[in-house]
Amino acid sequence: MKSPSLAVVRALKVAVFLVCLAPLSVLVWKGFHEQLGANPVDVITRSTGKWTLTFLLITLSVTPLRKLTHLPWLVRFRRMLGLFAFFYGSLHLMTFVWLDKFFNVQEMLHDIAKRRFITAGMTAWALLLPLALTSTAGWIRRLGGKRWQQLHRLIYFSAAAGVVHFIWLVKADLRRPLTYGFVLAGLLAYRGASWLIARTRSRASVPATES
Amino acid sequence: MSVSLPGTIHLERRRLVSRPIQRGPGYNRLRNMLIKKPDDIPSSEITPKSQYLSRRKFMFGAVATGAALAGGYYLRTSSEIDQPVAADGVKLSGIVKSQFSTTEKPTSFKDITNYNNYYEFSTDKYEPNGLARNFRTRPWTVKIDGHVKRAKTLDIDSIMKLAPLEERIYRHRCVEGWSMVIPWVGFPLSALINQAEPLGKAKFVAFETIKAPDQMPNQKRRDVLPWPYVEGLRMDEAMHPLAILVVGLYDEVLPNVDGAPLRLAVPWKYGFKSIKAIVRISFTDYMPPTTWNQMAPDEYGFYSNVNPTKDHPRWSQASERKIGASIFAAKQRTLMFNGYADQVAGLYSGMDLQKYY
């Protein structure tokens, strides 16, 4: 299939951007209509957390999807999706900092150190921060493609920390966090497999070129 | 163990119960009939007061029974989903106020019935309301056994007549860091214990929730909690006047979602100690196993008293979010024994509460 024209990709980007804002819009709408239930802070925390993990997994699906479907132009959506993961992650963190802890630094530090699920969650967000900061074309140039790519592999660790954060959080019934875990495992397995295949191919091809 | 009988019996009972006790003119007539009686005959003049009172007890027991049946019917047939359970449901009559009630403003009926942990139905706090809607609370019996003089099986309707029903507006603190103020209707657990006459070697009271996987979807699964849910109290805790058996909420028959037809309320302990849908109360000479303690002993102790100084691995217990408060409102400070220290601290004098949490 031929890549779509620049104009089409731009239009699609706007559409995807708006769709990605939908979870936030729903939350805001519910907030103004008293639809956030008995414990709104809990709902906001869960919703933003869920969408952070979801966007992380969507971002990680872009590469397998574009390779399997032979649609290389899909990569043009990856940065936006990744930034949305960071955006929802930041909203999630702000819910903790503001609505849960009311900017009480001492309590937050205590929580981060003491509660392992918060430690994991903070780690996940902290690992995304440099990726968000270096997501511009300027930073790709400054770092050089290869180093930039190496840096951005941090997303694997961030997503893993995010899933662990969710697993450690629940009291019982691991179905929901494990669903994210299995999807992530699948996406990482794809990368592991393609890396292995690439390595065996390149090893096999080295003597061939020399002879 | 399950007390539910084959479905045909329920159907038949539903047919028998539905018509006469529905809240139409017929229901009022029945109520008036029951309530008018003490006025017609001046029983207080010819009967000793204690006997008169016990008859009155029976009267509102009878009314409560009718109300409970009608309530059960109403809940079972009501089909509006997001409506508060039995909003205009069946009132319990003859409820007396209690000195143990807090003066704090109760949480709304809607929030109490739409936000709680009832893992037998769902691990989500918003779902049990809908999932418990058709839960059958009649017929219902509670087995009293173990080290008692009089082991027996009591019917829920006779349990509701055991003692005068009291309104107890209690603070309710969940281990997850949220709290409510709940106007329970019930009577002291001690009334039931006294009637059962525990033997000297009975040191603890164990409670068990119904196991009814056909009605409680999560009981079909093994990866949630071990079923049935079990809880326990030390005998002196169980005998404490603040510990109550609950049969109602907001002057109405207890909604299914909050543990109908019979639950415990122990307001100085974290909410999970207040076991729901009780079918068995046993007297033991050993500390009975409790579900969350079995799941994670480092997180939940047998006592599980509300204690802001004992940090929990997941949640800070120093403060709590009051359900119904603005999302921008600061959390409120959690009080030792959930504010009931004056009444219950004596139960634990000399105990290291950091160790026995």
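Keep in mind that what you see is a predicted model, and the values were worked out from it rather than measured. (Residues numbered from 1 in each chain as written. Chains lettered and ligands numbered in written order. Predicted model: local features only at pLDDT ≥ 70, side-chain atom pairs only at ≥ 80, totals over all residues.)

Draft legend 1. Structural detail: the overall build of chain A. Along the backbone of chain A there are 9 helices and 0 strands. Taken from the N to the C terminus, the helices and strands of chain A come in the order α-α-α-α-α-α-α-α-α. Counting all 211 residues of chain A, 23% fall into the buried class. Once local pairs closer than 6 in sequence are excluded, the contacts in chain A between residues at least 24 apart make up 66%. (Helix = DSSP H or I, 4+ residues; strand = E, 2+ residues; numbered from the N terminus. Buried ≥ 20, exposed ≤ 12 C-beta atoms within 10 Å, placed from the backbone. Contact = placed C-beta atoms within 7 Å.)

Draft legend 2. Layout of the overall build of chain B. Each helix and strand in chain B was counted, giving 11 helices and 12 strands. Taking all 357 residues of chain B together, 43% fall into the buried category.

Draft legend 3. Expanded view of the pairing of strand 2 (residues 152-155) of chain B. Residues and elements named next belong to chain B. As judged from the 4 bridges shared by strand 1 (residues 141-146) and strand 2, these two strands associate in the antiparallel manner. Paired with Val-142 across the strands is Leu-154, a residue of strand 2. With antiparallel pairing between neighbouring strands as the criterion, strand 1 and strand 2 make up a hairpin whose turn holds 5 residues. (Pairing = 2+ DSSP bridges.)

Draft legend 4. Summary view of the sheet that holds strand 1 of chain B. Residue and element names in this part refer to chain B. Read from one edge of the open sheet, 5 strands run 2-1-10-5-6, paired in mixed fashion. The open sheet has two edge strands, strand 2 and strand 6 (230-234), and neither has a second partner. Direction aside, the axes of adjacent strands within the sheet are offset by 20 degrees on average. (Axes fitted to C-alpha atoms, helices over the stretch in contact; angles between N-to-C directions.)

Draft legend 5. Representation of the pairing of strand 6 of chain B within the structure. Residue and element names in this part refer to chain B. Burial within strand 6 is extensive, with 4 of its 5 residues counted as buried. Pairing analysis gives 5 bridges linking strand 5 (residues 204-209) to strand 6, with the strands arranged antiparallel. Of the residues in strand 6, the one forming a bridge with Glu-208 is Val-230.

Draft legend 6. Seen up close, the interface of chain B and chain A. Across the contact, 18 residues belong to chain B and 14 residues belong to chain A. Grouping the amino acids of the side of chain B that touches chain A by side-chain chemistry returns 11 nonpolar, 3 polar and 4 charged. (Nonpolar A, V, L, I, M, F, W, Y, C, P; charged D, E, K, R; others polar.)

Draft legend 7. Spatial organisation of helix 1 (residues 6-32) of chain A. Residue and element names in this part refer to chain A. Its 27 residues give helix 1 an end-to-end C-alpha distance of 38 Å, which sits within 8% of 39 Å, the value for a rise of 1.5 Å per residue. Ala-22 marks the point of greatest bend in helix 1, at about 40 degrees, and the proline Pro-23 comes within the next four residues. Buried residues are scarce in helix 1, accounting for 1 of its 27 residues. Looking one or two places after helix 1, you find Glu-34, whose phi comes out positive at around 50 degrees. (Expected span 1.5 Å × (residues − 1). Bend = angle between axes of the 7 residues up to and from the residue.)

Draft legend 8. Structural view of the environment of A:Asp100. All names here are of chain A. Summarising the element assignment, Asp-100 is placed in helix 3 (residues 78-100). It is 31 Å that separates the C-alpha atoms of Asp-100 and His-152, two residues lying 52 residues apart in sequence. Leave out the neighbours within four places in its chain, and Asp-100 touches Val-41 and Thr-95.

Draft legend 9. Region of the structure containing helix 8 (residues 189-196) of chain B. All names here are of chain B. Within helix 8 the residues assigned to the buried category are Leu-189, Leu-192, Ile-193 and Ala-196. Down the axis of helix 8, the sector holding all buried residues measures 100 degrees, keeping them to one side. Packing partners of the buried residues in helix 8 comprise strand 1, strand 4 (178-188), helix 9 (235-239), strand 7 (244-249) and strand 9 (263-265). Trailing helix 8 by a residue or two, Glu-197 shows a phi angle of about 55 degrees, which is positive. (Arc of directions from axis to C-beta.)

Draft legend 10. Geometry of unusual backbone geometry. Residues and elements named next belong to chain B. In this model, Arg-138 is joined to Pro-139 through a cis peptide bond whose omega is -5 degrees. Structurally, Pro-139 is set in the loop between helix 6 (128-131) and strand 1. Pro-261 follows Ala-260 through a cis peptide bond whose omega is 0 degrees. For Pro-261, the location among the structural elements is in the loop between strand 8 (252-253) and strand 9.

Draft legend 11. Focus on the nonpolar core. Of all hydrophobic cores here, the largest spans 77 residues; its most connected members are B:Leu245, B:Val246, B:Leu264 and B:Ile278. A total of 6 residues in this core trace back to one element, the largest contributor, which is strand 4 of chain B. Among all residues touching B:Leu245, those that are not within four sequence positions of it are B:Gly186, B:Phe187, B:Leu189, B:Leu192, B:Leu262 and B:Leu264. Core analysis: the next-biggest nonpolar cluster, separate from the first, contains 22 residues, A:Leu57, A:Phe87, A:Leu128 and A:Leu187 among them. (Core = buried A, V, L, I, M, F, W, Y, C linked by C-beta atoms within 7 Å.)

Draft legend 12. Spotlight on the environment of B:Gln332. Residue and element names in this part refer to chain B. As for its placement among the helices and strands, Gln-332 is situated in strand 12 (residues 332-333). With 12 residues separating them in the primary sequence, Gln-332 and Glu-320 have C-alpha atoms 5.4 Å apart. Those residues in contact with Gln-332, other than ones at most four positions away along the chain, are Ser-319, Glu-320 and Lys-322.

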